[in-house]
Amino acid sequence: MKSLLFRPVPEQITRLSLAFALLASGVFLVRAHAIPQTWLDREYHVKSTLEREANRPRRFAGAQACTECHEDQVKEKAEGNHRTLACETCHGAAGKHVEDPTETKLFAPRLRDYCVLCHAYDPSRPTGFPQINPALHNPLKPCIECHKPHAPVPPETPKECAACHGEIERTKAVSSHAALACTACHDAPDAHKVTPRLVRPTKPQNREFCGKCHGPKSEEKKAPRVDLAAHGERYLCWQCHYPHLPEGK
Amino acid sequence: MNEELLHNLADLSKQVWGYIYPNEIEVHWSIMIVLYPYLTGLVAGAFILASLVKVFRVKEVQPAYRLAMLTALSFLLIAPLPLLLHLGHPERNFEILLTPNPSSAMAMFGFVYLWYLMVVLLLEIWFDFRRDLIVWGRAASWPLSWFYRAASLFSNDISDAAVRFDKKAVQVITVIGIPSAFLLHGYVGFIFGSIKANPWWSSVLIPIVFLFSAIVSGISLVLLLYMVITPLRGKSLNMACIDKIASFLFYAVIVDFSLEALDFIHRLYESEESIKILSHMVTGKLFVSLFVMQVLLGMVLPLGMIVLVKTVSCSEDLRKLLYFTSAILIQMGIFATRWNVVIGGQLFSKSFLGLTTYKMEVLGLEGLLVALVVLALPLVVLAILIKLMPPWHDEDEPGPAAAGETPATPAELPAPTASAPAPAPDVA
């Protein structure tokens, strides 16, 4: 032990220790003198960040500001299908416009390419959400010629269910229920076509409905038969079998 | 919304399939972030190969030991560059070291990197080259002599006891270095594997897969460099050395392949809600880079080539050709692996309903040209390091005259050189 303690320190260790000590003291010097206090103190850092963010110029005016001058449009929008959209979603940041309405005018989308960002057909959009194929739906015609942007409704009531429920229509077309009309199972009041979310179509509410074709006494020759008393217990048929694309053909 | 933004959005929406959130259309982690794990992996792999000599005493690999160390150093020096280019503001990178944020895994990179650079690589290279640096410093003229003296930290003890101490130190550092190399690349895998929100990345296997692919890429890079540089120096290849490296490469590829297959099967069997969009991506946008480049060309083919060498007795030239080709293919395969992880993880929407497209710039700070420069830079650094600090022990390689003779078998090779004196002329 004694010999280990009093053995001369190898030159390499001395030099490396010196180099590391120089480096470490450099780091401590920089930390002590060159770094602003706000970087080191976490609370102070967060506070100064909040101050900096709060002092940034405001670009958006907020929904309330529009009401003051454009009461009619705001009211119209509040009752229409675009009621959940903010004015600035389509018209852009209105901060400068609010400060000086004559000097800064807001952008108003008048061409087709803006509306299709939300309304072009996309299979992943929720069913019933108004969607069109931009290439086929009145090409070259600006959307706002037929649809009022503040309270958009179809200019005429859609005749076919597929106008809004395209995905279901396409799915059903390749299924064994292809020949069935939507109204065979759903009772869709006319009001549903005008206010689709307020008035909803019906769905079959009992097992006997499906049993008309699939029950043991059905006269449909090609429909698979099921003993309703023994199959499925307390569930409705469509809770297990997707009626727009039922299993088996 | 202004009109310019609108047109840009309309343009971008064409590269989207299905539904995708607006902030997912553009792939933010570009090719620079592909380069980062690729370069870091090469460092860890090259070091692991070097450690075979010092810790596991694989004497055959001795001729490539110093080359592997310098390769690891030159790639490590460039490894943070793609990150700096991607983030912008390179002058701020010292802030993460001076004002550490221990709760951020990403901010810890600076410390993992520094640990590996300062405590492992530089220290081991310093101890290994210290005697040579002193000797070269005494023989060289100004300003090189000053470079060598400064690099040796003005050390001047080349006594036998000091050299023995150096060797011992190298061994100790290598032992620390192996877990450190695992930490370095395991850390890079951890960064991806710990992102809960991304099912393509979030897996506990990712750090392990990264680690083994790193070992594969580092070994194949050193093999490649050794096979290119040695003939350029007018020396012939030490066949026992490259046979041994290829052998290790073979086992590393097998382990890596099994781990990746395990990860893949695990995902398939788990079949979480993301599986549909991931299989869309894997069979569509990633098909070429995953199945063709990563698996077929980057793993199966090189594996087949090395199996061929191991089972059929091939001539020396054929062996060299097969090793060289497999090393290049493996490099391409590992690059594709990094690409598939980094870019693949950003191609699908977190809604699991759509895919976007990555369009690489050609010019620009994160474009193809800069990527090629970043890939070439470690080789430039390596060339400078080799010029300044030649890593060769002449007794490790047969000269050109001996090359034409019968290939050396391990038994005929020079005695193990782990304890041999350093190569520099002794002018003490």
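Residues numbered from 1 in each chain as written. Chains lettered and ligands numbered in written order. Predicted model: local features only at pLDDT ≥ 70, side-chain atom pairs only at ≥ 80, totals over all residues.

Focus on the overall build of chain A
Working step 1: Of the regular secondary structure elements, chain A holds 13 helices and 0 strands.
Working step 2: Taken from N to C terminus, the helices and strands of chain A fall in the order α-α-α-α-α-α-α-α-α-α-α-α-α.
Working step 3: Rg of the C-alpha trace for chain A: 34 Å, well past the compact-globule value of 18 Å for 249 residues, more than 25% over.
Working step 4: Overall, chain A is about 105 × 70 × 35 Å in size when its C-alpha atoms are taken along their principal axes.
Working step 5: Burial analysis of chain A (249 residues in total) assigns 10% to the buried set. (Helix = DSSP H or I, 4+ residues; strand = E, 2+ residues; numbered from the N terminus. Rg over C-alpha atoms; globule rule 2.2 N^0.38 Å. Buried ≥ 20, exposed ≤ 12 C-beta atoms within 10 Å, placed from the backbone.)

Let's talk about the overall build of chain B
Working step 1: Looking only at helices and strands, chain B features 16 helices and 2 strands.
Working step 2: Seen through its principal axes, chain B has C-alpha atoms that stretch 75 × 55 × 35 Å.
Working step 3: Burial analysis of chain B (428 residues in total) assigns 40% to the buried set.
Working step 4: In chain B, the share of contacts with a sequence separation of at least 24, taken over all contacts with a separation of at least 6, comes to 81%. (Contact = placed C-beta atoms within 7 Å.)

Here we look at the interface of chain A and chain B
Much of the literature gives interface size as the accessible area that the parts lose upon coming together.
Working step 1: Taken together, the 23 residues of chain A in the interface contact 22 residues of chain B.
Working step 2: Elements with a minimum of two residues in the side of chain A that touches chain B: helix H2 (11-34), helix H3 (37-40) and helix H9 (112-119) of chain A.
Working step 3: Here the element with the most residues in the side of chain A that touches chain B is H2 of chain A; it accounts for 8 residues.

Let's talk about the nonpolar core
Working step 1: Val-43, Ala-46, Ala-72, Val-222 and Ile-245 of chain B are the most contacted members of the largest nonpolar core, which has 109 residues in total.
Working step 2: With 18 residues, the single largest contributor to this core is helix H2 (residues 31-54) of chain B. (Core = buried A, V, L, I, M, F, W, Y, C linked by C-beta atoms within 7 Å.)

A look at the domain arrangement of chain A
Working step 1: Each assigned domain of chain A is listed with its residue range as follows: domain 1 (63-156) and domain 2 (180-249).
Working step 2: Here the C-alpha centre of domain 2 of chain A lies 38 Å away from the C-alpha centre of domain 1 of chain A. (Domains from an automatic or database assignment.)

Points about unusual backbone geometry
Among all residues save glycine, negative phi is the norm, and among peptide bonds the norm is trans.
Residues and elements named next belong to chain B.
Working step 1: Put simply, Trp-142 and Pro-143 share a cis peptide bond, and its omega is 5°.
Working step 2: With respect to the element layout, Pro-143 can be found in the loop between helix H6 (109-139) and helix H7 (144-151).
Working step 3: Positive phi values are uncommon outside glycine, yet Arg-57 reaches one of about 50°.
Working step 4: Assignment of secondary structure puts Arg-57 in the loop between H2 and helix H3 (65-78).
Working step 5: Using a count of 12 C-beta atoms within 10 Å as the deciding quantity, one classes Arg-57 as exposed.
Working step 6: Here His-89, not a glycine, exhibits a phi torsion of approximately 50°, which is positive.
Working step 7: Among the secondary structure elements, His-89 is positioned in the loop between helix H4 (81-87) and helix H5 (95-98).
Working step 8: On the neighbour-count criterion, His-89 (8 C-beta atoms within 10 Å) is exposed.

Considering the environment of Gly-232 of chain A
Residues and elements named next belong to chain A.
Working step 1: Within the fold, Gly-232 resides in the loop between helix H12 (207-214) and helix H13 (237-240).
Working step 2: On the basis of neighbour count, Gly-232 is assigned to the partly exposed category, with 16 C-beta atoms found within 10 Å.
Working step 3: When the C-alpha positions of Gly-232 and Arg-207 are compared, they lie 9.4 Å apart, and in sequence the two are 25 residues distant.
Working step 4: Here Gly-232 is in contact with Cys-237 and Cys-240, once residues within four sequence places are set aside.

Notes on the confidence of the model for chain B
All names here are of chain B.
Working step 1: With 91% of its residues at a pLDDT of at least 70, chain B reaches an overall mean of 87.
Working step 2: Averaged pLDDT values for the elements of chain B fall to 41 in helix H16 (residues 400-403) and rise to 96 in helix H15 (residues 368-388).
Working step 3: With pLDDT under 50 throughout, residues 399-428 is counted as low confidence; its partners more than four residues away or in other chains account for 48 contacts.
Working step 4: Our summary of model confidence lists the complex with pTM equal to 0.72 and ipTM equal to 0.75. (pLDDT = per-residue confidence, 0-100.)

Observations regarding the packing of helix H12 (residues 287-311) of chain B against helix H13 (residues 316-342) of chain B
All names here are of chain B.
Working step 1: Where H12 contacts H13, the axes come no closer than 8 Å and their chain directions differ by 155°. As the angle between them shows, H12 and H13 are arranged roughly antiparallel. Judged by the sense of rotation from one axis to the other, the crossing of H12 with H13 is left-handed.
Working step 2: Of the residues that constitute the contact of H12 with H13, the class distribution is 17 nonpolar, 8 polar and 1 charged. (Axes fitted to C-alpha atoms, helices over the stretch in contact; angles between N-to-C directions. Parallel < 35°, antiparallel > 145°, perpendicular 65-115°, else oblique. Left-handed = near helix turned anticlockwise from the far one by under 90°. Nonpolar A, V, L, I, M, F, W, Y, C, P; charged D, E, K, R; others polar.)

Some thoughts on the packing of H2 of chain B against H13 of chain B
Residue and element names in this part refer to chain B.
Working step 1: Closest axis-to-axis distance for the H2/H13 pair is 9 Å, and the angle between their directions is 135°. Of the possible angle classes, the one that applies to H2 and H13 is oblique. As for how H2 packs across H13, the hand of that crossing is right-handed. Here H2 contributes Ile-33, Val-34, Pro-37, Tyr-38 and Gly-41 to the contact with H13, which in turn contributes Ile-334, Phe-335, Arg-338, Trp-339 and Val-342.
Working step 2: Split into classes, the residues belonging to the contact of H2 with H13 amount to 8 nonpolar, 1 polar and 1 charged.

Considerations on the environment of Gly-26 of chain A
All names here are of chain A.
Working step 1: With respect to the helices and strands, the residue Gly-26 is situated in helix H2.
Working step 2: Using a count of 10 C-beta atoms within 10 Å as the deciding quantity, one classes Gly-26 as exposed.
Working step 3: C-alpha separation for the pair Gly-26 and Leu-245, spaced 219 residues apart in sequence, amounts to 72 Å.

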